[in-house]
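# Fold and contact review
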Amino acid sequence: MQKSTYQNSLTFARKLDREDPLRRFRNDFHLPKQASGKPYLYFCGNSLGLQPKSTKTAIQQELSDWKKHGVEGHFESDTPWMPYHEFLTENMATVVGAKPIETVVMNTLSVNLHLMMVSFYRPTKKRFKILIEHDAFPSDRYAVASQLKFHGFDPDKGLIDLKARDGEVLLRMEDIEQVVEEQGDEIALILFGNPNYYTGQFLDMKTITKLGHKKGAMVGFDCAHGAGNLPLNLHDSGADFAVWCTYKYLNSGPGSLGGCFVHERHANTATLPRFTGWWGHNKETRFGMRDGFDPIPGVEGWQLSNPPILSMAAIHASLQIFADAGMDALRKKSLQLTGFLEYLINEMPTDRMRIITPTDPTQRGCQLSIQMLNANKVLYDKLTKKGVIADWREPDVIRIAPVPLYNSFEDCWRFVKCLEEVSDL
Ligand SMILES: Cc1ncc(COP(=O)(O)O)c(C=O)c1O
């Protein structure tokens, strides 16, 4: 839908909701309620996705299988625990645009990032630098700095953190090109958060991967804010690896497991060093307990432990919703929903706020980051009192994520009304 065809009215928002082919999915989620019983305007799916109603049944099923079968549940459960992670692979691969051999659900994001760096950050005296974005998520920054130190390098010398130009917030591809061109011979790894958690900027992974590979660097992405939010096409990107979590757009519950992608060209690379555990070992001989490590081909071979089934059950249930809705349909609605929210914010008669997320829809997912000029958290606290759950990032940014599975056009309209009221327009 063209921006010019949006209208700033509740009637119009409701019309879009009526025409929304995905509107039934909202009812599949628990919307948190205020003391009055009215649902909150929930815009925080970029931090913690809402609970699908099917999650409880999925977890209860595993509890009941455990009660009924004890250890035999590994084989006798309705969804046997032994290969449980395999039941998630196909739907997860579809969500992130990867092949099943490139996709696994395991561990948590930061753990997977370290495991990936064990394999794909192989510094030498000459090539040891890691390129990240200046606004990288703090955990990623800690992780790469610790890897540099672990290999005996000083993070001050080894970490290139690329800043936006003075007076700008977003990264420019030509600046990424320039740093890779200038320092590429010394760069061992390029790692970008995609989309960036703060600005919501989504970078072209294929272009960055080509740039890095041309210079001999490995390339990985932290797609915590991408998985389930927008098409990632990880396989086609050619990236060496990617990691993500499932508790944001994938609605799997607080602290749930992460996802990991290793491109299929590394599926059988025996020379790649890695940290290993029994769950990555050949399934046929895993219980022989004697053999030397024989990795499962593909990313499954990076698994360490037998996984937490209760958490996986939640992911299983959530991925079914994605399979039912379809990523293409979700993206289509998402573009319209975020476009509508952007239009409404831009209609506000104020110059006290600006959206720092790219205006080009191909360079963003559903999140809009709104910078509040000369404001502090008081404004955000007022929004919360009005029944909005969003998220504040110091020093002055409110992140709003209208999620196509459970947010409505009416939610967006109501949110902007609340924003107008607390901004004293
Ligand atoms: C972009 C990004 N990277 C990394 C993390 C850390 O994830 P975890 O705590 O699951 O390791 C988060 C958590 O919100 C994140 O948003």
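This text goes with the structure placed above it.
Now for a quick tour of the structure. Here the residue index of a chain counts from 1 through its sequence in written order. For this predicted model, a pLDDT threshold of at least 70 governs which residues receive local features, and a threshold of 80 or more governs which side-chain atom pairs are given and counted, while totals over whole chains, interfaces and linings are taken from all residues. Neither water nor hydrogens contribute to the side-chain values; these are computed over all heavy atoms in the structure.

## Observations regarding the nonpolar core
Note on terminology: a nonpolar core comprises buried Ala, Val, Leu, Ile, Met, Phe, Trp, Tyr and Cys residues joined through side-chain atoms within 4.5 Å. Accessible area is worked out with a 1.4 Å probe on protein chains only. A residue is then buried under 20% of its type maximum, exposed over 50%, and partly exposed in between. Of all hydrophobic cores here, the largest spans 61 residues; its most connected members are Leu131, Ile190, Phe192, Leu232, Leu234, Trp244 and Leu405. By the criteria applied, helices consist of DSSP H or I runs no shorter than four residues and strands consist of E runs no shorter than two, each listed in order from the N terminus. When residues of this core are assigned to their parent elements, the largest contribution, 9 residues, is made by helix H11 (residues 309-325). Whether two residues are in contact is decided by their heavy atoms, any of which lying within 4.5 Å being enough. When residues no more than four places from it in sequence are discounted, the contact partners of Leu131 are Ile160, Leu162, Val179, Val180, Ile187, Leu189, Ile190, Leu191 and Phe192. Membership of the second largest hydrophobic core comes to 36 residues, among which are Leu16, Leu337, Leu344 and Cys418.

## Details of the pattern of salt bridges
Should a side-chain nitrogen of Lys or Arg be within 4 Å of a carboxyl oxygen of Asp or Glu, the pair is scored as a salt bridge. A complete count under the given rule lists 22 salt bridges for this structure. Notably, a salt bridge pairs Lys215 with Glu181, separated by 3.6 Å at the nearest N-O pair. Separated by 34 residues along the polypeptide, Lys215 in the loop between helix H9 (205-214) and strand E6 (218-222) and Glu181 in helix H8 (residues 173-183) bring together distant segments of the chain. Here Arg364 and Glu342 are joined by a salt bridge, their closest N and O atoms 2.8 Å apart. Note that Arg364 is positioned in the loop between strand E9 (353-355) and strand E10 (368-372) and Glu342 in helix H12 (residues 327-347), a separation of 22 residues in sequence.

## Quick notes on the packing of helix H5 (residues 109-120) against helix H6 (residues 138-150)
Every angle, taken between N-to-C directions, lies between 0 and 180 degrees, and every axis is a line fitted to C-alpha atoms, over only the stretch in contact when it is a helix. As a packed pair, H5 and H6 sit with axes 10 Å apart at the nearest point and diverge in direction by 30°. In terms of orientation, H5 and H6 fall into the roughly parallel class. Our pair here, H5 against H6, has a crossing hand that is right-handed. Between H5 and H6, the contacting residues are Leu109, Ser110, Leu113, His114 and Met117 on the first element and Ser139, Asp140, Ala143, Val144, Ser146 and Gln147 on the second. Polar here means any residue other than Ala, Val, Leu, Ile, Met, Phe, Trp, Tyr, Cys and Pro, which are nonpolar, and Asp, Glu, Lys and Arg, which are charged; Gly is therefore polar. Along the lines of polarity and charge, the residues of the contact of H5 with H6 split into 5 nonpolar, 5 polar and 1 charged. When an angle is under 35 degrees it counts as roughly parallel; over 145 it counts as roughly antiparallel; between 65 and 115 it counts as roughly perpendicular; any other value is oblique. By definition, turning the near helix anticlockwise from the far helix through less than a right angle yields a left-handed crossing, and turning it clockwise yields a right-handed one.

## Side note on the site of the ligand
Near, as used in this document, describes a residue that has one of its heavy atoms within 4 Å of the molecule or strand being considered. Every residue close to the ligand is listed here: Leu109, Ser110, Phe137, Asp140, Asp222, Ala224, His225, Tyr247 and Lys248. Within the side chain of Ser110, one N or O atom sits 2.6 Å away from an oxygen atom of the ligand. Residue Tyr247 places a side-chain N or O atom 2.7 Å away from an oxygen atom belonging to the ligand. Two N or O atoms form a polar contact when they lie within 3.5 Å of each other; inside protein one atom must be a possible hydrogen donor and the other a possible acceptor, and for residues adjacent in sequence the pair counts only when both atoms belong to side chains.

## Some points on the sheet that holds E10
Note: strands within a sheet are paired through backbone hydrogen bonds, in either parallel or antiparallel orientation. Pairing is antiparallel in the open sheet, where 4 strands are placed in the order E9-E10-E13-E12. The open sheet has two edge strands, E9 and strand E12 (391-393), and neither has a second partner. Within this sheet the neighbouring strands show an average axis-to-axis angle of 30°, counted without direction. Any two strands with at least two DSSP bridges between them are considered paired. In the sheet, E10 pairs with strand E13 (residues 397-400) via 4 bridges, with the strands oriented antiparallel. Counted as the bridge partner of Leu368 is Ile400 from E13. Its contacts with the sheet put H12 on E9, E10 and E13, and the angle it makes with E10 is roughly 15°.

Geometric descriptors of this kind do not, in isolation, establish any biological role.
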